[in-house]
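Residue-level structure breakdown
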Amino acid sequence: MILSSSRLRSRFLGVELENPFILSAGPSTDELDITRAGLDAGWAGVILKTTSLPTTDVDLVYPMMSSFNNGDDILGMGNIDLISIYHLEEIVKRISILKSEYPGKMIAASIMSDSREGWQTLVRALKDADVDLIECSFSCPQGNVGEDPGKMLAQSVSATEKVAGWVKEAAEELPVLIKITPQVTDIVAIAGAILKSKCDGITASNSIPALMGIDIDSLTPIPQVDGYSTYSGLSGGAIKPITLRTIAEISRNFTDATISGNGGISNWRDSVEVLAVGASNIQICTAVMLHGFGIIEDLTSGLDNYLIEKGFNSVTELVGKALPKLVSHEQLPRHQVRSAVIKEKCIGCGRCYISCRDGGHIAIKWDSVNRLPDIDEEKCVGCGLCLLVQPVDGCLSLKRVD
Amino acid sequence: MNMIQKNLIKKSAKLDIADLKWILHESSNCLSCFEPPCQQNCPAEIPIPEFIRSLQSGNVGYAAKIIRDANPLAAICGAVCPEEVFCQSQCTRGKMDNPIRIRELHSFATSQEGYIPPVSASSDAKVAIIGAGPAGLACATKLAEKGIKSVVYEKSKRIGGVPSSSIPEFRLSDEIISLDIEYTKRFGIEFRLNTKIDDPEELFDEFDAIFIATGLAQPVETQIPNSNLSQVIPSLDFLEKARASNINEIKTKRVVIVGGGNVSLDVAASAMEHGASEVILLYRRGLAEMRVWQSELDAAFKRSVVISYLTAPVRYIEESGRLTGVECIRTRLTSERDTSGRRKPESIPGTEFVIPADIVIEAIGLNSDYKREITAFPDYTTSIQGIFSGGDWAKGEGTIVEAVRDGKSAAEAICNYLRVKKI
């Protein structure tokens, strides 16, 4: 049980974090006792599930959870949940309780509203309750109750800048995070609008609007609610590559942006990746919903061991470390590479042959007698497809030939 | 149960989710090799990666169909085919971790087989098939697929040959056998049971071509003194009676088996199954020299069969016309190799001892008792034009799936012959 160490500790927008793992706004932070259990288990902080003014009608439907799988493995989870059924007054009460019970933890709130008055009322009440940080959901995939119905707030550059400005105006010194969606034409423009608004940071990014599947027996979309369905917010491992791109793109364009990473981070390895593209810390929801708060021990010990092994003195040193190697396509070096068969490791399955024949460049020859592939150096362009289908590590390799 | 699992079940069967999960998991491990070695080592040439891919996608009907198209005895082979010497032994995945359990996937797919429409013959040609065993049935179905009608002659009252007469019931149930027999019946094949054909050439009056697939029925004689005692039984007689459950006389008896091959293990396990008090199998070499399948050894050991290695029978001991025991001698392996490449055993003088026994079953192999004057050639033709042959009669003791291969290949050869003869 590591949970905390000098390496894992950091300061995030003025708030002390004993480790970089925060429970993101969602079901795991929607009941006081569940939230307490998460903090007791070792999570560094919580963002309580998005709250609203009592005038906001939160009309939930059940069932709300679904997934798409490969065999028994859940690749992605979908939900048609909405924001918390608990309104501002209850959340203010809980903030006070948690602040007094867990003085060393980050106790944050998430909010959503539909007017300047609404956003600012929420902020002021939470500020009075001495909340550590406010996150604003500009990106709930189940629809926005704000300025531009049917569209997420963070899909509009001007609306984002305007509303973020209102929030920051009311929050004053209290740090504010804006939680964005990756489903936009230009993520840089959205991030720019947030920075312009003087909000303190960005949570990148939310779950993604998706249709989870169709039951081909009844030809009904999933999840089914009395024979009907709607779009879900997709989360879990499937969206991690999108999260990485979103964070990387913001970090590359705004070196001073403060980012809290969220979306598809399931284990310490994922968290290293997200930190390496510029997030300062990690928010997790789906992995906890699937495996419980107990994953915090592996997250913290795994990350700490990684930092020791790689010679990092603190998690902060890791932030953005992969970014210098991320360039645009036209900036990539152009070298000639070729595949090579490592004969001692080849088990003779011929998958590389099939893939190259039908999806590559017909650049692999096949010796039927010895069951051995051979690269045709003239035809191989080094696309690397064969390496994707190799069944054993290292039976194929790419080598530079110029 | 998820969609794919639901798709996998086409027929009601005793399957739980764990089975279905296993099938999907095992299927997903298949590497779908190019020029798949498993398929190349299946005598029936079942497109193994293809059927496994269809299992994985929940397309179980197609998986069953491509197995059945390649192997008309799909159910029987799914139950008893020795995967350890054929498909599975060559599985590339075995070089990574564990080979795919191909026979079990085959067996599952076949168990979910759907309705197969009947096929009727359209050609005027008629072929006679002698023997309703695996080779004969495979040949008849493949001919029917090509529109050629055949009549299958069978000297016994039963269709199926070795699978339905002498493979122990605990290895192969009547239910499984009937799936394959029902399949062949869909082709409108005519069976003439209880009909022994003494002279195949007489059939040319009615037929354009003849396929001999009688199998083997003549026990190899051991030359052991006193083998004429009535308590010394040939393996085939015993197995046929055991399969028909007419075998009360073995209950509580001490049984000694002379053998060392797969059939001797079948006999041994079957004897225990039918109530023998003890079964000792005599084998003149060691376990390493036994050319048997692991599944057969497992079945025998599971039933507490004792194998006495490096032991050879010398004579059967007789008192007042009854068998009382087997005089044996210990053997050792010499450095000399026999034609099979195995070290030759030699007796160790002075090590004679007696194993008390009530019954001896000899299982050292089978010869043909049918028409040895006709010579079988490897291309399925024979020394007589228009007569073809396959299966054990032509090639010596083999497996069911090899007999299926012969039946299929002979059907091709017969079609070519009829085409050339313009019949």
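Residues numbered from 1 in each chain as written. Chains lettered and ligands numbered in written order. Predicted model: local features only at pLDDT ≥ 70, side-chain atom pairs only at ≥ 80, totals over all residues. Heavy atoms only, no water.

So, the pattern of salt bridges
All names here are of chain B. According to the stated counting rule, one finds 47 salt bridges over all chains in the structure shown. Across the pair lysine 185 and glutamate 182 runs a salt bridge, and its minimum N-O distance is 4.0 Å. Of the two residues, lysine 185 and glutamate 182 both sit in helix H10 (residues 174-185), three residues apart, roughly one turn of that helix. As a salt-bridge pair, lysine 241 and glutamate 249 come within 3.4 Å of each other at their nearest N and O atoms. Residue glutamate 249 is classed as partly exposed on the basis of its relative accessible area, which comes to 37%. Through salt bridges that share partners, Lys126, Glu190, Arg192 and Glu206 make up one connected network. (Salt bridge = Lys/Arg side-chain N within 4 Å of Asp/Glu carboxyl O. Helix = DSSP H or I, 4+ residues; strand = E, 2+ residues; numbered from the N terminus. Buried < 20%, exposed > 50% of the residue type's maximum accessible area, 1.4 Å probe, protein only.)

Points about the packing of helix H4 (residues 157-171) of chain A against helix H5 (residues 187-196) of chain A
All names here are of chain A. Packing of H4 against H5 leaves a shortest axis separation of 8 Å and a crossing angle of 20 degrees. Classified by the angle between their axes, H4 and H5 sit roughly parallel to one another. As H4 packs across H5, the resulting crossing turns out to be right-handed. Counted together, Val157, Thr160 and Glu161 of H4 and Ala189, Ile190, Ala193, Ile194 and Lys196 of H5 form the full contact between these two elements. Grouping the constituent residues of the contact of H4 with H5 by class yields five nonpolar, one polar and two charged. (Axes fitted to C-alpha atoms, helices over the stretch in contact; angles between N-to-C directions. Parallel < 35°, antiparallel > 145°, perpendicular 65-115°, else oblique. Left-handed = near helix turned anticlockwise from the far one by under 90°. Contact = heavy atoms within 4.5 Å. Nonpolar A, V, L, I, M, F, W, Y, C, P; charged D, E, K, R; others polar.)

So, the state of the cysteines
Such a bond, covalent and formed between the sulfur atoms of two cysteines, is termed a disulfide. One pass over the structure, following the stated rule, counts zero disulfides over all chains. Of all cysteine sulfurs in the structure, the one in A:Cys395 sits closest to A:Cys346, which takes part in no disulfide; the separation is 6.3 Å. With relative accessibility at 21%, the residue A:Cys346 sits in the partly exposed group. Free cysteine: B:Cys38, not disulfide-bonded; nearest cysteine sulfur from B:Cys30 at 6.4 Å. (Disulfide = S-S within 2.5 Å.)

Some words on the environment of A:Cys349
Note on placement: A:Cys349 falls in the loop between strand S17 (337-341) and helix H11 (351-359). In this structure A:Cys349 comes out as buried when scored by relative accessible area, which is 5%. A C-alpha to C-alpha distance of 50 Å links A:Cys349 and A:Phe138, two positions 211 residues apart in sequence. Sequence-distant contacts of A:Cys349, that is, excluding residues within four places in its chain, are made with A:Trp366, A:Arg371, A:Pro391, B:Leu31, B:Cys33, B:Phe34 and B:Thr92.

Some thoughts on the domain arrangement of chain A
Entries for chain A in the domain assignment read domain 1 (10-325) and domain 2 (333-400). The C-alpha centroid of domain 2 of chain A is placed 42 Å from the C-alpha centroid of domain 1 of chain A. (Domains from an automatic or database assignment.)

Focus on a nonpolar patch on the surface
A cluster of nonpolar side chains, contributed by A:Leu211, A:Ile214, A:Ile216, A:Leu219 and A:Tyr231, occupies part of the molecular surface with about 560 Å² of accessible area. Structurally, the position occupied by A:Tyr231 is in the loop between strand S13 (220-221) and strand S14 (232-235). (Patch = residues over 30% accessible without salt bridge, like charges linked within 9 Å, V, L, I, M, F, W, Y side chains within 5 Å. Areas by Shrake-Rupley, 256 points an atom, 1.4 Å probe, with all protein chains shown as cover.)

Some details on the sheet that holds strand S8 (residues 278-282) of chain B
Residues and elements named next belong to chain B. Here we have five strands laid out as an open sheet, ordered S6-S14-S7-S8-S9, and parallel in their pairing. Pairing within the sheet leaves two strands with one partner each, and these edge strands are strand S6 (232-234) and strand S9 (306-308). Each strand axis lies, on average, 25 degrees off the axis of its neighbour in the sheet, ignoring direction. When strand S7 (residues 254-258) meets S8, the two strands line up parallel, connected through five bridges. Each residue of the ladder has a partner; that of arginine 254, found in S8, is glutamate 278. Across the sheet, helix H11 (residues 235-243) touches S6 and strand S14 (359-362), and the angle it forms with S6 is around 80 degrees. (Pairing = 2+ DSSP bridges.)

As for the environment of A:Glu330
Residues and elements named next belong to chain A. Inspection of the secondary structure assignment puts glutamate 330 in the loop between helix H10 (315-318) and S17. You can call glutamate 330 exposed: its relative accessible area is 64%. C-alpha separation for the pair glutamate 330 and alanine 125, spaced 205 residues apart in sequence, amounts to 50 Å.

Points about the packing of helix H2 (residues 17-28) of chain B against helix H7 (residues 102-111) of chain B
Residues and elements named next belong to chain B. With their axes 11 Å apart at the nearest point, H2 and H7 run at an angle of 125 degrees to one another. What the angle tells us is that H2 and H7 run oblique. Crossing hand, H2 versus H7: left-handed. Note on element contacts: H7 touches H2 through Glu104, Leu105 and Phe108, opposite Leu20, Trp22, Ile23, Glu26 and Ser27. Broken down by class, the residue content of the contact of H2 with H7 amounts to five nonpolar, one polar and two charged.

Digging into the sheet that holds strand S10 (residues 201-204) of chain A
Residues and elements named next belong to chain A. Taken together, the eight strands give a closed barrel; going around it, the order is S3-S4-S7-S8-S9-S10-S15-S16, and neighbouring strands pair in parallel fashion. The average undirected angle you get between the axes of adjacent strands in this sheet is 25 degrees. As paired strands, strand S3 (residues 21-23) and strand S4 (residues 45-51) are joined by two bridges and run parallel to one another. Within S4, the residue paired with leucine 23 across the bridge is valine 46. Against the sheet, helix H9 (residues 295-310) makes contact with S3 and strand S16 (281-284), and its axis sits at roughly 155 degrees relative to S3, the strand it touches most.

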